[in-house]
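Examination of the molecular architecture
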Amino acid sequence: MSATDLRNEVSAWLAAEWDPARPTKEWLAAVVEAGWAAPRWPREWFGRGLSDELGHVVEEEFRNVGAPGTGQDRHNLYAATVLTFGGDELKRRLIGPMLRDEVSMCLLYSEPDAGSDLAAVRTRADRDGDRWIVNGQKVWTSSAATADYGMLVARTNWDVPKHRGITFFLFPMKQAGVEVRPLHQITDEAHFNEVFLTDAAVPDAHRLGDVDRGWGVLQTALAYERSVMGDRARAGRGTTGMAEMGDELVALARETGRIDDPVVRQDLARVAALRLGNGWNNQRAKAEVEQGSSSSVMSLGKLAMSRLLHESARVRTSLAGARAMLEGPDEPVGDEANFLAFNAYFTSIGGGTDQIQRTIIGERILGLPKEPEVDRDLPFSEVRRG
Amino acid sequence: MSATDLRNEVSAWLAAEWDPARPTKEWLAAVVEAGWAAPRWPREWFGRGLSDELGHVVEEEFRNVGAPGTGQDRHNLYAATVLTFGGDELKRRLIGPMLRDEVSMCLLYSEPDAGSDLAAVRTRADRDGDRWIVNGQKVWTSSAATADYGMLVARTNWDVPKHRGITFFLFPMKQAGVEVRPLHQITDEAHFNEVFLTDAAVPDAHRLGDVDRGWGVLQTALAYERSVMGDRARAGRGTTGMAEMGDELVALARETGRIDDPVVRQDLARVAALRLGNGWNNQRAKAEVEQGSSSSVMSLGKLAMSRLLHESARVRTSLAGARAMLEGPDEPVGDEANFLAFNAYFTSIGGGTDQIQRTIIGERILGLPKEPEVDRDLPFSEVRRG
Amino acid sequence: MPAFAVTPEQQDLRASVRRFLADRSPEAEVRRLSDTEQGFDPDVWKRMAGQLGLQGLGIPEEFGGAGAGHVELGIVLEEMGRALLCAPFLSTVGLAANLLLTSGDRAAQARYLPGIAEGGTVATVAVSAAGLPGAGVVARRTDDGWRLTGTEPYVLDGHVADLVLVPARTTAGVALFAVEREASGLGRTLLTTADRTRRQARLTFTDTPGAPLDGGLPAVERMLDLAAIALASEQAGGAARALEMSVGYAKTRVQFGRAIGSFQAVKHLCADLLLESESATSAARYAASAADEDAPDLPALASLVRFSCSDSFVKVAADTIQIHGGIGFTWEHPAHLYLRRARTSALLLGDPAFHRERYLRRTGV
Amino acid sequence: MPAFAVTPEQQDLRASVRRFLADRSPEAEVRRLSDTEQGFDPDVWKRMAGQLGLQGLGIPEEFGGAGAGHVELGIVLEEMGRALLCAPFLSTVGLAANLLLTSGDRAAQARYLPGIAEGGTVATVAVSAAGLPGAGVVARRTDDGWRLTGTEPYVLDGHVADLVLVPARTTAGVALFAVEREASGLGRTLLTTADRTRRQARLTFTDTPGAPLDGGLPAVERMLDLAAIALASEQAGGAARALEMSVGYAKTRVQFGRAIGSFQAVKHLCADLLLESESATSAARYAASAADEDAPDLPALASLVRFSCSDSFVKVAADTIQIHGGIGFTWEHPAHLYLRRARTSALLLGDPAFHRERYLRRTGV
């Protein structure tokens, strides 16, 4: 099929079907039915068997009319993981609902002892006939209270090194044995949860990938997640860059009467350069990827964002001055300065600390040698624990 | 002996002997003869067998009249090392001249492959009857061209882990087989040398400490050196701190007409705080040591000095502005800014980089655990080399 | 007395304050008081005075105090900063008692200092952040005595103070007035502080009667210098404690089979923070000793320690969260309490940029 | 053309320039030329024009050039920055050719650009650091044509320029003049630059005859924006190369039985420097593409890349010395050559603080 033919077909289909007023569920069902939800996937699995390039044509046509629902072969990390690693029965039962956004999901990866060191999970799954019994604790789970399923990594073998005894499950959340407690953040919000698992069960049919081979599954799932995050980060950037100049820090400096303070002005220019620079890095990464070369710039985004967020919170605090001693709705300038200063740690800690990011950049991009890994070959039961 | 008696004795002796016009060599000879050069050492070795406390009384009396030459039991790292580890014949021959400043010395520790990792020395000493034949290369040696002796660490055993195959020698520099080449620094100066040793010889009688036990000797010598450096650093500080305010950066800011620039003023205040803070840290360290408690503050001095030097060079460069594009006597402001910016690396690299200092502070002061040491138990001949 | 020598009495003082706070101001208690309206425990306040004599430490003996110096006060404040004590100590002692002393008004001293020393009086001074003292309030003389009108937006512990000392503008310049708890026209609005361990209130004065004190602007400025040094001591203590938490966590938290403190990223950061924390301690102690010696450069020193100890404490507390990783991002972990204290205390009585500039001016630059 | 797309022709250009410089400007040659009076190799300069057409790359075809854009010029300058090429390229192309083009003076373009394109003319513009162009020189009209008098203290390659373009004050504002090599009253004093790979001279004009050009101040300011972007490209190239040196050393230098790049202190520093270096590259390339598109925000962009690429290059080059340890402190190692280039290029045509302020003004803040 030529790109032009495809473009015509999608565009005609959209012309006939797309109506912004249509209820989302109904619209998604139609997209899935027509094979546009994941056009790169085989027809057997709701797709059209298109090449990656043609998949982009579909996405473009959808974007042109502002219609959602396509590109899930790239974006829906849950469905993509189940498709790649699930058994036929599981796929038949769940991929359709996942593409139609009828099941809600969460990630059960992190644990109190397994933060930066994700392979150190201690939540255990013990086989019991055709199901597994799960005991342990997960943290930093968003949407845990509402999710139907969680992508769970659990230890199934304690006698082999840590990466080789982990199994990956699509875990049913709505059962006794699952207790969800909100995690109170330093911003005084609660976007995440702790999840306590006590003799909870997951059918063996919900296993994704082989027993004890879950680390590889997790790597694939994390790669999907990173690519989704990358897309989002890029989507957030203007193309001229200059749009972001009319920036809230400048507005705040005017509002607080500090706009003529030379010290403040130096800070404003520095923050603008960080902000624009990050945008240009992202644009360049995108261009390099589109031109088929690998891009080292892409991997810098999270570290760069962390730096920008902490630095702009610092400048915002100095602009707010004494007002940053206060919080709450009566003092929005101070409140925002404090919120942003604390929330910046979400980026510098969450999803891999800045320190872990630097290790990844140093090793994967610059090719610097790894540190000695003391727990690499030890059976997990002998690995030192904090 | 009571402190008062001693004070009277020293003071009487000084009254009789001290004359600022007296030639230094002659004066030192008199001090050594009288037992004041190293008063804490036994009488047998030019001393008086005094306690540490009484030694300070002697030093105080000398200080009061401005006479040099005492306190060498604390300051003369060469003589102290020889006294501690040398054989009787060597001590008899050399300690007197050392105390009288009749022999000049240098340090043959660092090598191209053994910078931060001092135990990785590859200069070899092979036994040949009652002497050792030395081959290898040393770097960062000051005074190598004029020195009579060098304190040398060389490898004498390649089949044991690196710390356990090193021997320490008092090495005669004036011989064939010793070639000294000046090292050209980034400041365009040459305060150091490379020393090439080719079939050079050192008598076994010049060995300090046991064969293969030189690492321990080196640690003692380095501890003497650190204590000398600490004394010097403390001596350099004013007591009120405020004296250092009338600072060259402020003068330069006035001279360049930048003194009213608010951005410059913030920088000047920051540098002043670093500078005064370091002085107070040193004073506090001294007070803590004098009160008999150990002081963690002392070990911070080098890192703090590195930070101060780099930061004040940065501010100086920004004050010099375009003039810092130039060097040389026609542009002293630019020349000084460049010199100081480059020379700051002498402190942040020399004598253990800032990175090594942070490791030392983290492990020795804060008690943080060491990194895994991959070469700890390997025979040196199997240790990886760059 | 050289700047950094420590007497056995001073060591005892530190030890007994630390013991007291370990007992009376553990983290659970700090959190409990953070959620109360009043923000401190009057019983503990009483014991601080009765058992340890802390409020009266620097107050002359003739007014019921111990007549100790700023070095001793600094020791107490370092310990309070470590413990994040919730109590109106900085306001009552660092601001109000100091102002009574610098005012030279013996009648007012005799009237108010004994109450402070015995823990009966919570006091504060209506000064806000940087800027001219007295900017917010005007005093005018009436047939019925002085009346104050105006607003001070950020008054430390203004919601509970029994005694508010108010610098106010008069036709003859800034003068000082004492306003007591029940004075008419005194409005107090408790503010929502980002650091919930230390409260502030907006005070409004509407024809509020005030008793004039001696002193005027020089007394206020001298007090502000002394308060700056007190605050610096508190910050140095907070920084030292935050670093201890970081180092302790780095020794016990295991990732990749090793304590995270064995990784250079954490180890070297801790080393840098030690330099910050120790420098803050040295600076604060030097300044306290200079205050005791009435050093001529005290105004410059006060500004220098205000900005340098503020910057150090903010850096240590900020990196303490980073070192703790995920757990540091939770409300339940105390790391953020120290960052809240650090960020807020850096802005009290003039922010770091203000004090850098003021430092230069005070040194004639 | 989107900002960051790279054409095959551009890739070829980069590869051929890199090959040429590897051949003609290796470190030994850079060091040799650093010690010569002239500071560059006229033979290499000729080949740059003859073999690769570099001097004429951005010059319109009608004047003997290739008519390429600023993106192509940026590629060339990145490569020259990597190699620390000793040649009067920034002055001749980044300053003088750009000024001839922005002046709109077709007669002057026809007269001078072909010589530049063919590598026969070394040219420069007498502008010094920040401040008003023309501040140093006054032009007055005489019966015998225009005469220039004054001094410009820091003129890039002023010691060897065949053609000096001089912004000078006249009674009608700043005007441009061309002064040729042998002009009477033209004094050239070679300066001792901290970066010996790039020369500067003090030029004095004493009743020196100058040929007037069209253009005036707007032409100079436009040229300065374009030169800022050219310099940013050179800085980005220098930063990338310095980082490569650091990473290469970190991979091979062994201490404690491990490559030092396996230690987090070095690894993490390299990661931070990669962010600096790549951000400088992205910024310089974006600005070059904006220059080609004649973007309305070019003046702001030019200042932004001047300060951000300067800061990045200085940081990368400074830490490159630290990463190299002892060997980085020696004259024989090239690390300091990059730091000299970085420090000096940060101060050319206005220092970072100046451009931060100018950036805000140019964005209306």
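Not measured: the values here are computed from a predicted model. (Residues numbered from 1 in each chain as written. Chains lettered and ligands numbered in written order. Predicted model: local features only at pLDDT ≥ 70, side-chain atom pairs only at ≥ 80, totals over all residues. Heavy atoms only, no water.)

A short note on the overall build of chain A
For clarity, the threshold we go by: In this description a helix means any DSSP run of H or I spanning at least four residues, a strand means any run of E spanning at least two, and both kinds are numbered starting from the N terminus. The globule rule is 2.2 Å times the number of residues to the power 0.38, and the radius of gyration it is compared with is taken over C-alpha atoms. Whether two residues are in contact is decided by their heavy atoms, any of which lying within 4.5 Å being enough. Surface accessibility in these figures is a Shrake-Rupley result with a 1.4 Å probe; residues are shielded only by whichever protein chains are displayed. Charge counting treats Lys and Arg as positive and Asp and Glu as negative, with His and both chain ends excluded. Here the site of a charge means NZ on Lys, CZ on Arg, CG on Asp, or CD on Glu.
A count of helices and strands for chain A gives twelve helices and eight strands. A globule of 386 residues ought to have a C-alpha radius of gyration of about 21 Å, and chain A, at 24 Å, matches this closely. A separation of at least 24 residues holds for 67% of the contacts in chain A among residues at least 6 apart in sequence. Accessible area for chain A stands at about 16400 Å²; split by element, carbon and sulfur atoms hold 51% of it. Treating the 46 positive side-chain charges of chain A as one cloud and the 57 negative ones as another, the clouds have centres 3 Å apart.

Observations concerning the domain arrangement of chain A
Interface size is commonly expressed as the accessible surface area that is lost when the partners come together. Residues and elements named next belong to chain A. We apply this condition: Where each domain starts and ends follows an automatic or database-derived domain assignment. Note on terms: buried area is the combined drop in 1.4 Å-probe accessible area of two parts once they are placed together, counting the loss on both. By definition, a salt bridge exists where a carboxyl oxygen of Asp or Glu is found within 4 Å of a side-chain nitrogen of Lys or Arg. Residues adjacent in sequence count toward polar contacts only when both atoms are side-chain atoms; beyond that, a polar contact is any pair of N or O atoms within 3.5 Å, and within protein one must be able to donate a hydrogen and the other to accept it. Three classes are used, and their members are as follows: Ala, Val, Leu, Ile, Met, Phe, Trp, Tyr, Cys and Pro are nonpolar, Asp, Glu, Lys and Arg are charged, and the others, Gly among them, are polar.
According to the domain assignment, chain A contains domain 1 (3-75), domain 2 (105-220) and domain 3 (230-351). Between the C-alpha centres of domain 2 and domain 3 there is a distance of 34 Å. Summed over both partners, the interface of domain 2 with domain 3 buries about 370 Å², with 77% contributed by carbon and sulfur atoms. The largest per-residue losses of area from domain 2 upon contact with domain 3 belong to Ile186, Thr187 and Phe192, which jointly make up 80% of the total buried on that side. Our count for the domain 2 to domain 3 interface comes out at zero salt bridges. In this structure, the connection of domain 2 to domain 3 is made through zero residue pairs in polar contact (both at pLDDT 80 or more). Of the residues assigned to the side of domain 2 that touches domain 3, the class counts are two nonpolar, one polar and one charged.

Observations concerning unusual backbone geometry
Put simply, the test is: Remark: exposure states derive from per-residue accessible area (1.4 Å probe, protein chains only) relative to the maximum for the residue type, with buried under 20%, exposed over 50%, and partly exposed in between.
Positive phi values are uncommon outside glycine, yet B:Asp188 reaches one of about 70°. Tracing the backbone through its elements, the reader meets B:Asp188 in the loop between strand S6 (178-183) and strand S7 (192-203). Classification of B:Asp188 by relative accessible area gives partly exposed; the value is 36%. Of note, the phi angle at C:Phe256 is positive, near 55°, even though the residue is not glycine. Tracing the chain through its elements places C:Phe256 in the loop between strand S8 (254-255) and strand S9 (258-259).

Some points on the interface of chain B and chain D
Tallying the contact residues gives 43 residues for chain B and 40 residues for chain D. Summed over both partners, the interface of chain B with chain D buries about 3600 Å², with 59% contributed by carbon and sulfur atoms. Here D:Arg196 ties to B:Glu327 by a salt bridge, and the two come within 3.3 Å at their closest N and O atoms. At the boundary of chain B with chain D, the tally comes to 20 residue pairs in polar contact (both at pLDDT 80 or more). For the side of chain B that touches chain D, the secondary-structure elements that each account for two or more residues are helix H10 (301-320), helix H11 (332-349) and helix H12 (354-365) of chain B. For the side of chain B that touches chain D, the leading source of residues is H11(B), giving nine residues.

Some words on the nonpolar core
Note the threshold: Residues belong to one nonpolar core when they are buried, are Ala, Val, Leu, Ile, Met, Phe, Trp, Tyr or Cys, and are joined through side-chain atoms within 4.5 Å.
Core analysis: the largest hydrophobic core is formed by 126 residues, its most contacted members being C:Met48, C:Phe89 and C:Phe205. Sorting elements by how many residues they give to this core places helix H9 (residues 262-290) of chain A first, with ten residues. Judged by nonpolar contacts, the second largest core, of 124 residues, contains D:Leu13, D:Ala108, D:Val122 and D:Val160.

Notes on the domain arrangement of chain C
All names here are of chain C. Each assigned domain of chain C is listed here: domain 1 (8-121), domain 2 (124-216) and domain 3 (219-362). The interface of domain 2 with domain 3 comprises 17 residues on the first partner and 16 residues on the second. In total, domain 2 and domain 3 occlude about 1300 Å² of area from one another, counting both sides; carbon and sulfur atoms represent 63% of this. On inspection of domain 2 and its partner domain 3, the count reaches two salt bridges. The interface formed by domain 2 and domain 3 holds six residue pairs in polar contact (both at pLDDT 80 or more) in total. Among the residues making up the side of domain 2 that touches domain 3, the classes are represented as nine nonpolar, five polar and three charged.

Description of the pattern of salt bridges
Taken as a whole and assessed by the stated rule, the structure comprises 137 salt bridges over all chains. Across the pair A:Arg40 and A:Glu59 runs a salt bridge, and its minimum N-O distance is 3.0 Å. With a gap of 19 residues between them, A:Arg40 in the loop between helix H2 (24-34) and helix H3 (52-65) and A:Glu59 in helix H3 connect regions that are remote in the sequence. On the basis of relative accessible area, A:Arg40 is assigned to the buried category, the value being 15%. Residue D:Asp272 pairs with A:Arg358 through a salt bridge whose shortest N-O separation is 2.8 Å.

Let's talk about the packing of aromatic side chains
Threshold: Working definition: a ring pair exists when centres of Phe, Tyr or Trp rings (six-membered ring for Trp) sit within 6.5 Å. Plane angles under 30 degrees give stacked, over 60 give edge-to-face, the rest tilted. For a lysine, the NZ atom is tested; for an arginine, the CZ atom; a charge sits over a ring if that atom is within 6 Å of the ring centre and within 35 degrees of the ring normal.
Inspection of the entire model under this criterion finds 36 aromatic pairs over all chains. Arranged with centres 6.4 Å apart and planes meeting at 70°, the rings of B:Trp13 and B:Trp36 form a pair that is edge-to-face. One end of the pair, B:Trp13, is in helix H1 (residues 3-17); the other, B:Trp36, is in the loop between helix H2 (24-34) and helix H3 (52-65), with 23 residues separating them in the sequence. Taking relative accessible area as the criterion, B:Trp36 reaches 0% and is therefore assigned buried. With a centroid separation of 6.2 Å and an interplanar angle of 45°, the aromatic rings of B:Trp27 and B:Phe62 are classed as tilted. Residue B:Trp27 is located in helix H2, and its partner B:Phe62 is located in helix H3; the two are separated by 35 residues in the primary sequence. Judged by relative accessible area, B:Trp27 falls into the buried class, the value being 1%. Counting every residue linked through ring pairs, the aromatic cluster contains A:Trp13, A:Trp18, A:Trp27, A:Trp36 and A:Phe62. Note that D:Arg258 overlies the ring of D:Phe263, its terminal NZ or CZ placed 3.9 Å from the centroid.

Here's the deal with the interface of chain A and chain C
Counting residues at the interface gives 43 residues for chain A, matched by 40 residues for chain C. Carbon and sulfur atoms supply 59% of the area that chain A and chain C bury against each other, a total of about 3600 Å² over both sides. Joining chain A to chain C, the criterion identifies five salt bridges. For C:Arg258, the salt bridge goes to A:Glu371, with nearest N and O atoms at 3.6 Å. Where chain A meets chain C, there are 20 residue pairs in polar contact (both at pLDDT 80 or more). Every element with two or more residues in the side of chain A that touches chain C is listed here: helix H10 (301-320), helix H11 (332-349) and helix H12 (354-365) of chain A. By residue number, the principal contributor to the side of chain A that touches chain C is H11(A), which donates nine residues. Taken together, the residues of the side of chain A that touches chain C sort by class into 19 nonpolar, 13 polar and eleven charged.

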